[in-house]
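Summary of the model geometry
Listed here are the chains, written in short residue letters.
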Amino acid sequence: QVRLVESGGGLVQPGGSLRLSCAASGDIFSIHAMGWSRQAPGKERELVAGITSGGSTYYLDSVKGRFTISRDNAKNTVYLQMNSLKPEDTAVYYCGAGPFTIKTMPYWGQGTQVTVSS
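A brief look at the structure comes next. (Residues numbered from 1 in each chain as written. Predicted model: local features only at pLDDT ≥ 70, side-chain atom pairs only at ≥ 80, totals over all residues. Heavy atoms only, no water.)

This part is about the layout of surface pockets. If you add up the space inside the largest pocket, you get close to 150 Å³. When grouped by side-chain class, the residues that make up the lining of the largest pocket number four nonpolar, four polar and two charged. (1 Å grid on protein atoms, 1.4 Å probe; cavity = no way out; pocket = protein on both sides within 12 Å on 5 of 7 lines; lining within 4 Å. Points joined across faces, edges and corners; volume = space filled by probe spheres on them. Nonpolar A, V, L, I, M, F, W, Y, C, P; charged D, E, K, R; others polar.)

Structural data, given as structure tokens:
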């Protein structure tokens, strides 16, 4: 089992920035992929970004050029730097991890709220 704890959410004005962090514990040696998904009220959950242990990345089209995912394997931590935030980025952001591909991560954290509003 893998435990994931997110931090860094909050309220930010449009155009602002936030950095999310997620620390993994437990069976960390099984982790290959880590990433972030989000769910806005009334919408389906969507995968936002992912990164493998080798550094390959994935981004949702709507966040390309604004969000950057990074990973510190020594600290078992993944980060999501979010710049030029828009109101439509408002959602609960969840950290994920798994032993295989970015799109099949089975472990998820409890989530952290990100609100973009003036």
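Having seen the structure, we can now continue with the description.
A few words now on the environment of Y93. By secondary structure assignment, the location of Y93 is in strand 9 (residues 91–98). Under the relative-accessibility criterion, Y93 is labelled buried at 0%. In this structure the C-alpha to C-alpha distance between Y93 and Q110, which are 17 residues apart in sequence, comes to 8.7 Å. The residues contacting Y93, other than those within four sequence positions of it, are E6, L20, W36, S37, R38, V48, F67, L80, M82, G111, T112 and V114. A polar contact is formed between the side chain of Y93 and the side chain of R38, at a distance of 2.9 Å. (Helix = DSSP H or I, 4+ residues; strand = E, 2+ residues; numbered from the N terminus. Buried < 20%, exposed > 50% of the residue type's maximum accessible area, 1.4 Å probe, protein only. Contact = heavy atoms within 4.5 Å. Polar contact = N/O pair within 3.5 Å; in protein donor to acceptor, adjacent residues only side chain to side chain.)

Here we have four strands laid out as an open sheet, ordered 1-3-8-7, and antiparallel in their pairing. Two strands close off the open sheet at either side, each with one partner strand: strand 1 (2–7) and strand 7 (67–72). With direction set aside, neighbouring strand axes in the sheet form an average angle of 15°. In this structure, strand 3 (residues 18–26) lies alongside strand 8 (residues 77–82), joined through six bridges in antiparallel fashion. Bridged to A23 within strand 8 is T77. (Pairing = 2+ DSSP bridges. Axes fitted to C-alpha atoms, helices over the stretch in contact; angles between N-to-C directions.)

Alternating residues of strand 7 divide into F67, I69 and R71, all buried, and T68, S70 and D72, none buried. Note: strand 7 against strand 8, six bridges, orientation antiparallel. Counted as the bridge partner of D72 is T77 from strand 8. The hairpin turn running from strand 7 into strand 8, its antiparallel successor, is four residues long, and N76 in that turn takes a positive phi close to 55°.

A positive phi angle is found at N76, which is not glycine, with a value near 55°. Examined against the element boundaries, N76 turns out to sit in the loop between strand 7 and strand 8. Positive phi is not limited to glycine here, since S84 has a value of about 50°. Relative to the assigned elements, S84 resides in the loop between strand 8 and strand 9. On the basis of relative accessibility, which here comes to 41%, the residue S84 falls in the partly exposed class.

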